[in-house]
Each structure stands twice: as C-alpha cells, then as structure tokens.
Amino acid sequence: LQKLRQGLDKTRRSLINQLRAIVGQGPLNRDAVMEIEAALLQADVGIAATDYIIEALQEKMREEALPPDLAIAYLKRIIGDLLDRPTQELEKPFLVPEKDRLNIWLVTGVNGAGKTTTIGKIAHLAKKSDYKCLIAAADTFRAAAVEQMKVWGQRSGVEVIANPGKNTDPAAVVFDAIAAAQSRGTELLIVDTAGRLQNKKNLMDELSKIRRIINKKAPDAIVESLLVLDATLGQNGLNQAQVFSEAVNLSGAILTKLDGTAKGGIALAVVQQMNLPIRFIGAGEGIEDLRPFSSYEFVEALIS
Ligand code: GDP
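Residues numbered from 1 in each chain as written. Predicted model: local features only at pLDDT ≥ 70, side-chain atom pairs only at ≥ 80, totals over all residues. Heavy atoms only, no water.

**Quick notes on the packing of aromatic side chains**
Step number 1: Scanning the model with the defined rule gives two aromatic pairs in all.
Step number 2: Ring plane angle 55° and centroid distance 5.3 Å describe the contact between Phe293 and Phe298, whose orientation is recorded as tilted.
Step number 3: Phe293 gets classed as buried once you look at its relative accessible area, which sits at 7%.
Step number 4: Under the relative-accessibility criterion, Phe298 is labelled buried at 0%.
Step number 5: Looking at Arg85, its charged tip hangs above the ring of Tyr52, at a distance of 4.7 Å from the centre.
Step number 6: A cation sits over an aromatic face here: Arg155 above Trp152, 4.4 Å from the ring centre. (Phe/Tyr/Trp six-rings, centres within 6.5 Å; stacked < 30°, edge-to-face > 60°. Buried < 20%, exposed > 50% of the residue type's maximum accessible area, 1.4 Å probe, protein only. Lys NZ or Arg CZ within 6 Å of the ring centre and 35° of its normal.)

Okay, here's the thing in structure tokens:
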C-alpha cells in the first residue's frame, strides 16, 4: 500500500489536500460540493463519474449533515462502490488465471502506452505464482517490439514465441503460440498486439483476425481482452479506449504510469464511461511495479 501511495503521490496530493481544505470547514454545504466537483474534474475523474459522485454525495447530505470526517469517509465509499461496479457480479473480484486450463490474455493498446512492459510484469507475476506461462509477440509490425518483448521474456523467465522475418502475419504468430501452449500445458498465454491507431481499419482487421484464430484454435480457453491505457493522457486516453473497444470486445483495462501523473482519477472515468473493470495498475518501470487492482487499496492510496 505504501508503494502504491507513493505511486499515486501526485494525484493524491492534489486531490486530498484540496478535499481536506474544502470539507475541513464544517458540515458540507453547497459551495463545498461545488469545490469538490472542481477538484474531481481537475484529477481527470471526468464529467460522468464526477456527476455520479456529486449526486450520491448530495443525496447523502439530504439525509444527514456531513462533518469533515464523515464527508471524506462517504466520498471514499462512493468512489469505491463506483470502481467495484463492473466486478460486483463476479465471484472473483481479481483477475487470476484459472489453473490447469489455458487462459489467453490478449493485450491491446496504442504504441507507447506500456504494453510490452506490462506484459513483462504480468509474466513475472504469473511465474512467481507458479503458472506455466508463455508470451506471443504478435506485434510484428515493429521489429523492435519483438526484440523488446524478448528482453522482457528473459527478465521474467518466460519464453517468447515469435516468428522470424519481416511482414509476418500476427495471426500466424498467435496460431503458433496457441499450438505451443497446447502441447506444453501452458496455463497463461499473453499475447502482445500492434497498436497503430493511425490506421483504424488495419487495427480492427488485425485484432478481429487474432480473435477468430483464438476462437477457432482454442475454443475452450478462457479469454480476456485487456486494454493498456497510459494514465498520463488523462481524459484523452478515453478516445483511444473507445477505438479499441470498437475493434475488440474488451473485458478489462490496465492503467500504466500512474506514478508520473496527477490524472489518476482517470481510473474512475474508465469504469464509469466504459464500464470496464480496472485489472492491474502500473506505477513504475521496474518488473515489480505492477499490482492487481483493488478498489479498496486504490481509494486508500488516493484519499488518506
Ligand atoms: P508499448 O509501446 O505499449 O509496448 O510501451 P512500452 O512497454 O515500450 O513502454 C513505453 C515507455 O513507458 C517505456 O519507457 C516504459 O518504461 C514506460 N512505462 C511503462 N509502464 C510504466 C509505468 O507504470 N510507469 C512509468 N513511469 N513508466 C512506464
């Protein structure tokens, strides 16, 4: 928690200091609520999630007076509930690969968002938890991407399946990787994909082709489509998220670079606007700097 708190330091300092100053003046009143609204928007919580939080707060205020501590506690609860909404129905709130089965995690996101790094970190985490893990380097468009993935594979001790040569079809890499995974009893296959937003049609074609290969070759696999989002982009990242959600049926988001931004509120916007659960958060460039997302931890790190 301490590390996460450090990671979220910029967002926390800007948000909590403002909130404390606002609510510190006695029971919440209308002016204070407007200031809270401004503070949330400034942390890139986004209009929709801010509206939701403010309405819930106002509803509570109609029921009872909210002195400072209660106001903060209530805000935490509203935010925690919002973050939990997409996983509320699920038995397991955390994303964990099922043992003794093939789980395929398709990782998407625009170049530079932190896909390769995040895949390396997930592989490391999975390896540490004794999963049989494999990586498919299906971002074949950039030669450097495959090399970089191999470096992360070495760091985490996980083999990377890649096709040599130029202009390799990403779907062919995925096909080979699934074959390897099936013959070795791999439990988690992580697939890196290309992230060229400039050519939306290519991106969509490529991702849907990969999905088709997965459905055909591994119909029994548990598939997750995870979108890696750079938190430093704040609200702008949501436009990218929209494009990816049109290209592939997303099941979760991973927020990276939370350590470098005061825009950590974007987590709330992703949940509210896209109804996507946040699955992991990255707060640093090192192999250990990835955590499964916990709404409780996140809220505690953000507002305390
Ligand atoms: P890709 O193009 O999406 O595969 O992105 P990369 O994995 O190559 O990451 C792009 C840059 O972001 C690299 O310099 C990474 O070290 C950096 N990066 C990735 N995740 C994080 C993070 O959580 N925190 C910070 N500070 N940097 C990160």
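Let's pick the thread back up.
**Points about unusual backbone geometry**
Step number 1: Backbone geometry places Lys257, a non-glycine residue, at a positive phi of 60°.
Step number 2: For Asn275, which is not a glycine, the phi torsion comes out positive at approximately 55°.
Step number 3: Relative to the assigned elements, Asn275 resides in the loop between helix H11 (266-274) and strand E7 (278-282). (Helix = DSSP H or I, 4+ residues; strand = E, 2+ residues; numbered from the N terminus.)

**Describing the site of the ligand**
Step number 1: In the vicinity of the ligand there are 17 residues, among which Gly112, Thr116, Thr117, Asp259 and Glu285 approach most closely.
Step number 2: Residue Ala113 places a main-chain N or O atom 3.3 Å away from an oxygen atom belonging to the ligand.
Step number 3: Computed on the free molecule, the ligand has an accessible area of 580 Å², of which 81% lies beneath the protein chains in the complex.
Step number 4: The element that contributes the greatest number of residues to the shell around the ligand is helix H6 (residues 115-128), accounting for four residues.
Step number 5: Among the residues forming the shell around the ligand, the class breakdown is three nonpolar, eight polar and six charged. (Near = heavy atom within 4 Å. Polar contact = N/O pair within 3.5 Å; in protein donor to acceptor, adjacent residues only side chain to side chain. Areas by Shrake-Rupley, 256 points an atom, 1.4 Å probe, with all protein chains shown as cover. Nonpolar A, V, L, I, M, F, W, Y, C, P; charged D, E, K, R; others polar.)

**Focus: the pattern of salt bridges**
Step number 1: Tallied over the full model, the rule gives 12 salt bridges.
Step number 2: Of the charged contacts, one joins Arg184 and Glu159 as a salt bridge, the two residues approaching to 2.7 Å between their closest N and O atoms. Here Arg184 is found in helix H8 (residues 170-184), whereas its partner Glu159 is found in strand E3 (residues 159-161), with 25 residues between them in sequence.
Step number 3: When its relative accessible area of 41% is taken as the criterion, Arg184 is described as partly exposed.
Step number 4: Ionic pairing is found between Lys257 and Asp230, a salt bridge with its closest N-O pair at 3.2 Å. Here Lys257, found in the loop between strand E6 (252-256) and H11, pairs with Asp230, found in strand E5 (residues 222-230); they are 27 residues apart in sequence, far enough to count as distant.
Step number 5: Judged by relative accessible area, Lys257 falls into the partly exposed class, the value being 32%. (Salt bridge = Lys/Arg side-chain N within 4 Å of Asp/Glu carboxyl O.)

**Observations concerning the sheet that holds E3**
Step number 1: Read across the sheet, eight strands follow the order E3-E2-E4-E1-E5-E6-E7-E8 without closing on themselves; strand pairing throughout is mixed. Each of the sheet's edge strands pairs with one partner strand only, and the pair in question is E3 and strand E8 (290-292). Sheet twist, expressed as the mean angle between neighbouring strand axes with direction ignored, is 25°.
Step number 2: With three bridges connecting them, E6 and E7 associate as parallel partners. Within E7, the residue paired with Leu255 across the bridge is Ile281.
Step number 3: Against the sheet, H8 makes contact with strand E1 (103-108), strand E2 (133-138), E3 and strand E4 (188-193), and its axis sits at roughly 165° relative to E2, the strand it touches most.
Step number 4: Sitting on the sheet, helix H10 (residues 236-247) touches E1 and E5, and the angle it makes with E5 is about 155°. (Pairing = 2+ DSSP bridges. Axes fitted to C-alpha atoms, helices over the stretch in contact; angles between N-to-C directions. Contact = heavy atoms within 4.5 Å.)

**Re the packing of H10 against H11**
How two helices pack is summed up by the angle between their axes together with the distance between the axes.
Step number 1: Where H10 meets H11, the axes come as close as 11 Å, and the angle between the chain directions of the two elements is 40°. Considering their axes alone, H10 and H11 lie oblique with respect to each other. The interaxial crossing formed by H10 with H11 has right-handed handedness. On H11, the residues that touch Leu238, Ala241, Gln242 and Ser245 of H10 are Ile266, Ala269, Val270, Gln273 and Met274.
Step number 2: Taken together, the residues that form the contact of H10 with H11 break down as six nonpolar, three polar and no charged. (Parallel < 35°, antiparallel > 145°, perpendicular 65-115°, else oblique. Left-handed = near helix turned anticlockwise from the far one by under 90°.)

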